[in-house]
Amino acid sequence: MRFLDLLRSTFSNLRRRKLRSFLTIFAVVIGASLVSLLISLGIGTKDFLTAQIKATIPPDVVIVAFNPKAFDIGIGGPGFGGSPREVSDDEGSPFTFRPLTLENIEAVEALEHVKQIDPYVMLEAESVKLQGSDRSFRTEIRAMPQYQVEDTELVAGRHLTEESQRECIIANQYVDSFGLEQPGDALGQEVIVRVRQWTSWIGLPSETEDYEFTIVGVTEKTLISTQVIISIEEGKEISRFWADNPDWYTDKIPPAILQVKTEGSQYTDQVARAVEDLGLGAITSKDVLGLVGTIFIIIQAVLSAFGLIALGVASLGIINTLIMAIHERTREIGVMKAVGASRSTIRLLFTIEGVIIGFLGGAIGVGIGYALGLAINRISHATFLKDFQTFNISAFPWWLIVGVIALSTIIALVATLYPAHRASRLDPIEALRYE
Amino acid sequence: MIELHDVWRLYRMGGETINALAGIDLKVSQGEFVTIVGPSGSGKSTLLNIIGGLDSPTMGRIEVDGQDLSKASDRELSLYRNKQVGFIFQTFNLQPTYTALENVSLPLVFAKVPLWKRKRIAREVMETVELSDRLRHKPNQLSGGERQRVAIARALVNDPKILLADEPTGNLDSKTGEQIMELLTRLNKEREITFLLVTHDLKTAGYADRMLRMHDGQIAETVDRRQVL
C-alpha cells in the first residue's frame, strides 16, 4: 500500500466518525497543551531568574574568598542531606569568612586574564528615607565598582562617575514608596541612609549613623527591589563604621571577599579554576545558575508530570477508539485481506490512524498552549508584571514545540501497538462472516 | 493449474474436532469452470477458502501454478490473493461508504497502483460488467444485481487467473441470478479464467464444465458435463 493511500484512508476513516475522532484528538490536545504550557512557564521564569542572577554577579566576574569551601552550599552540601563532610582545623564554619592576606590578593591580581580586582564590600543599612519625610524603608546598600555601576540599566538620570561625591542610584520600586509620580521626580532629591553597627545582630550595644546621598539615577525594575547603589569607596567608609573597625578594607585588614573582573566572560571559568589552584574559594554566575538550574529541573519535572498524566489518559482514549474501530470495521478488514492486504498492511493502517491522532493532538495542543502562553504574557504585562515588559513568563523555544508534538506522537504510537496487532491477527474468514 | 493432494482441514470446536476437509485430492486445469455442491457443513466453503489462500490446510499440500500455498508466508499469501485470485461473496461485501468505483479499486490499492491509474483500470472493468453509468453510486443506491456486478468487477480488477465465488446468486432473484451466471460464464470463456463456484442450486451448477458433490469433507461424486455430452 502506498504511503499516500495510507494517509488518504486514515483521514477518510477519521472523517467517517467525526465526533469520536474529535473527542479522541481533544484528549491528546488537553495533555499536549498542559505539558507545553507548564514547561513554557518554567522556561520563562528560569530565564527571568537567570537574568537577575547575571545582574548580581556579572558573567565576567569571579567572586573570591579565603575559605575554599565558602561557596560550598549546593545540594548535598552542609545540612542539605549530604553526609557530614570532614574538615581541616583551619577551615572554620561554613559561613565564616576571614580576611585574605596581601599575598593572596597579589597572587590573584597576577593571574592571567584578570583585569581588575575590587573588594566585595559587606555592609548593612537599617533603613533609607527621603530627606524631609518621616517614612523609612528597608534597604540593601550595594557598593559597586564603576564598571558594574555602568552595566546597570537606568530608566532615569545618569550613572555614578569617578568623581561622584555622596551620590546614589536607587531601585525603581522606591519611586512608589517615596510617593513620587515618576522616576524623573526622584533625581536631585536627598536620601538619608541610616546604618546601625553590626553588634546589634547579636544584641550587643550599637550606635547608628546617618549618611546623606543625592539621587542621580533610578534603575530599571529588577528583583533587587530595595537596592541603593553607591560608590565602592563610600561603601568602604560606611562599612568601617558598621563593623566598628577603622582598619577594615585597609592594608591592615584586607577584604574577606574579592570581586575579580576578568578580561571577558570566556575567561571566567579559567580564572575561577586558577583561583582555586591558589587554595582560595571561587564562585561565578555560572555556578549559581547551575544550582538554580537544578531546582528548576525538579520544578519542571513535577509540573510536566500533570501534563504527562493527561497524555497517558489520552492514550487510553486512543486504544479505546481503535478497538471500537476494529469492531466496526471487522468485515472491512476481512474484505481487505481477501483482496490482498497482508497482516503488516492492516497493522500499518491502524498504527497510522493512532499516530495521526497523536500528531494532530500534539500540534493543536502546542498551538493552544502557545496561545494561552501569549495570553498569560499579555495579562501579566498589563497587571502584576507591568514593570517587567521585557520579561515573558511563558517562553516557547522551538525545541519545546517539536518536543511536545514528538512526545504526543510517540505516546500515540505506543497506544496503537495492541489494537493494531489485534486487527492484523483477525481471521479473514471469521471477519467476513462477522455481523 | 490447481492441485490438492490429500488436503485436511481440522477445526476444534469446544472439545470436538471437526473434519471440514478430510483428504481432498483435486486437480483443476486452466480455464475450467467447476461448481461445488453439497449440504451445509460439507466443506464447500472451506475448500474454496483454502484454494483462495484465506485459510491453510492442517495437513496435505496445495499447489497453484507450481506455488506451494501450504508453505507460503502471510506476505506471499496476501500477494497471491491480490494478484492471482478474485473472490465473489454471497453478501457482496462491498464497503458501504465507498462509491462503486472505489470499491472496485480496492485490490489495486494493495497492489500499489497510483490513484490516476486505478481510476482508469476500474472504469474499464466497470464497462465489462456494464455498469459505466453507476461509477459514483454508493452500494445502497444500487440494486442487488448491480451490487453483485460491482463485486465481480472488484474480483476482476487485478486480472486474476482464478475466480472463486461462494453462492454468488444466493441473495438474488432467479432472473438476476441468471444474468449474473451468464456474465460469469462469458468471462470464463472470454478470459480463460479458472472458475470455482460453490452453490446450493443445481440449476446454477449446470453452467459448469464439472460438478463436484461434497459430503462430510470429502468429494462424494464428480460429474463431468463434457464427458456426459
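A brief look at the structure comes next. All residue numbers here refer to positions counted from 1 along the written sequence of the relevant chain. The naming scheme follows written order: chains are lettered A onward, ligands numbered 1 onward. Reporting of local features is limited, given that this is a predicted model, to residues whose pLDDT is at least 70; pairs of side-chain atoms are given and counted only at 80 or more, and all residues count toward the totals for whole chains, interfaces and linings. To obtain the side-chain values, all non-hydrogen atoms of the structure were included, while hydrogens and water were left out.

**What about the packing of aromatic side chains?**
Residue and element names in this part refer to chain A. When two rings of Phe, Tyr or Trp (its six-membered ring) have centres within 6.5 Å they constitute a pair, described as stacked for plane angles under 30 degrees, edge-to-face for angles over 60, and tilted for the intermediate range. What the rule picks out here adds up to eight aromatic pairs over all chains. Ring geometry for Phe22 against Phe26: centres 5.6 Å apart, planes inclined by 20°, an arrangement best described as stacked. Note that Phe22 and Phe26 are positioned in helix α2 (residues 18–56) at a spacing of four residues, about one turn of the helix. An aromatic cluster of at least three residues, connected via ring pairs, comprises Phe137, Tyr174 and Phe178. Elements are defined by DSSP. Helices are runs of H or I of four residues or more, strands are runs of E of two residues or more, and each kind is numbered from the N terminus.

**With respect to the side chain of Thr351 of chain A**
Checked against the element boundaries, Thr351 of chain A lands in helix α10 (residues 343–382). If we skip the residues at most four places from it in the chain, Thr351 of chain A touches Leu413, Thr416 and Ala420 of chain A. Whether two residues touch is decided by their heavy atoms; if any such pair falls within 4.5 Å, the residues are in contact.

**Description of the environment of Asp151 of chain A**
Residues and elements named next belong to chain A. As for its position among the elements, Asp151 is in helix α4 (residues 146–151). Relative accessibility decides the category of a residue: with a 1.4 Å probe and only protein chains considered, values under 20% of the type maximum give buried, values over 50% give exposed, and everything between is partly exposed. Under the relative-accessibility criterion, Asp151 is labelled exposed at 56%. Here the alpha-carbon distance between Asp151 and Ile333, two residues 182 residues apart in the chain, equals 70 Å.

**Some remarks on the interface of chain B and chain A**
The interface is formed by 25 residues belonging to chain B together with 21 residues belonging to chain A. When two components associate, each loses some accessible surface as probed by a 1.4 Å sphere; the sum of these losses over both components is called the buried area. Buried area between chain B and chain A, summed over both chains or domains, comes out near 2100 Å², and the portion from carbon and sulfur atoms is 58%. The salt bridge criterion pairs a side-chain nitrogen of Lys or Arg with a carboxyl oxygen of Asp or Glu, the two atoms within 4 Å. The tally of links from chain B across to chain A stands at two salt bridges. Arg343 of chain A is the salt-bridge partner of Asp74 of chain B, the closest N and O atoms lying 3.8 Å from each other. For the side of chain B that touches chain A, the secondary structure elements donating two or more residues are α2 (74–83), α3 (100–110) and α4 (115–128) of chain B. With five residues, α2 of chain B is the largest single contributor of residues to the side of chain B that touches chain A. Of the residues belonging to the side of chain B that touches chain A, the class tally is eleven nonpolar, seven polar and seven charged. Lys, Arg, Asp and Glu make up the charged group, whereas Ala, Val, Leu, Ile, Met, Phe, Trp, Tyr, Cys and Pro make up the nonpolar group; the residues left over, Gly among them, are polar.

**Overview of the pairing of strand β1 (residues 61–65) of chain A**
Residues and elements named next belong to chain A. Within β1, five of the five residues are buried, which leaves it mostly tucked inside the rest of the structure. With five bridges connecting them, β1 and strand β11 (residues 257–262) associate as antiparallel partners. Its bridge partner lying in β11, Ala65 is registered against Ile257. Here β1 runs beside strand β12 (residues 281–284); their pairing, made up of four bridges, is antiparallel. Bridge pairing links Ala65 to Gly281 in β12. DSSP bridges decide pairing: two strands pair if at least two such bridges lie between them.

**What about the side chain of Thr416 of chain A?**
Examined against the element boundaries, Thr416 of chain A turns out to sit in helix α11 (residues 398–424). Once residues within four sequence positions are removed from consideration, Thr416 of chain A is found in contact with Leu322, Phe350, Thr351, Gly354, Val355 and His421 of chain A.

**Focus on the packing of α2 of chain A against α10 of chain A**
Two quantities define a packed helix pair, namely the angle between the helix axes and the distance between the axes. Residue and element names in this part refer to chain A. The angle between two axes is taken between their N-to-C directions and runs from 0 to 180 degrees, where each axis is a line fitted to C-alpha atoms and a helix contributes only its stretch in contact. Between α2 and α10, the least distance of the axes is 7 Å, while the angle of their chain directions is 45°. Put simply, α2 runs oblique to α10. Considering how the two elements wind past one another, α2 and α10 form a crossing that is right-handed. Considered class by class, the residues forming the contact of α2 with α10 number 13 nonpolar, nine polar and no charged. Just so you know how the angles are binned, under 35 degrees is roughly parallel, over 145 roughly antiparallel, 65 to 115 roughly perpendicular, and the rest oblique. Left-handed is the label given to a crossing in which the near helix is rotated counterclockwise from the far helix by less than a right angle, and right-handed is the label when the rotation is clockwise.

**Quick word on the sheet that holds strand β7 (residues 162–166) of chain B**
Hydrogen bonds between backbone groups are what pair the strands of a sheet, and the pairing can be parallel or antiparallel. All names here are of chain B. Reading across the sheet, the six strands line up as β6-β7-β8-β3-β9-β10 and stay open at both edges, with mixed pairing between neighbours. Looking at the sheet topology across the chains shown, the edges are occupied by β6 (85–88) and β10 (218–224). Between one strand axis and the next, the sheet turns by 20° as a mean value, whatever way the strands run. With five bridges connecting them, β7 and strand β8 (residues 194–198) associate as parallel partners. Paired with Asp166 across the strands is Val198, a residue of β8. Taken strand by strand, α2 contacts β6 and β7, and its axis lies near 70° from that of β6.

**Thoughts on the sheet that holds strand β2 (residues 114–119) of chain A**
Residues and elements named next belong to chain A. With antiparallel pairing, four strands are arranged side by side in an open sheet as β2-β11-β1-β12. What marks the edges here is a single partner per strand, and that holds for β2 and β12. Averaged over all pairs of adjacent strands, the angle between strand axes in this sheet comes to 25°, irrespective of strand direction. Along the sheet, helix α3 (residues 102–109) contacts β2 and β11; its crossing angle with β2, the most-contacted strand, is approximately 150°.

**What about the nonpolar core?**
In this text, buried Ala, Val, Leu, Ile, Met, Phe, Trp, Tyr and Cys residues form a nonpolar core when linked through side-chain atoms within 4.5 Å. The biggest cluster of nonpolar side chains holds 74 residues, and the ones touching the most others in it are Phe350 of chain A together with Ile2, Leu4, Leu47 and Leu196 of chain B. The residues touching Ile2 of chain B, leaving out its near neighbours within four places in the chain, are Leu26, Lys27, Val28, Ile51, Glu63, Val64, Ile162, Thr194 and Leu196 of chain B. If you look at the next biggest cluster of nonpolar residues, it comprises 37 residues, including Ala122, Leu135, Val150 and Ala151 of chain B.

**What to know about the environment of Pro428 of chain A**
Mapped onto the fold, Pro428 of chain A is located in helix α12 (residues 428–433). Exposure remark for Pro428 of chain A: the relative accessible area of 10% places this residue in the buried category. Sequence separation of Pro428 of chain A and Ile333 of chain A is 95 residues, and the distance between their C-alpha atoms is 7.3 Å. With residues up to four places along the chain from it excluded, the contact list for Pro428 of chain A reads Gly334 and Lys337 of chain A together with Leu54 of chain B.

**Some details on unusual backbone geometry**
Positive phi is not limited to glycine here, since Asp244 of chain A has a value of about 55°. Mapped onto the secondary structure, Asp244 of chain A falls in the loop between α6 (232–242) and β11. By relative accessible area, which is 53% here, Asp244 of chain A ends up exposed. Despite not being glycine, Glu192 of chain B shows a phi value in the positive range, around 55°. As for its position among the elements, Glu192 of chain B is in the loop between α6 (174–191) and β8.

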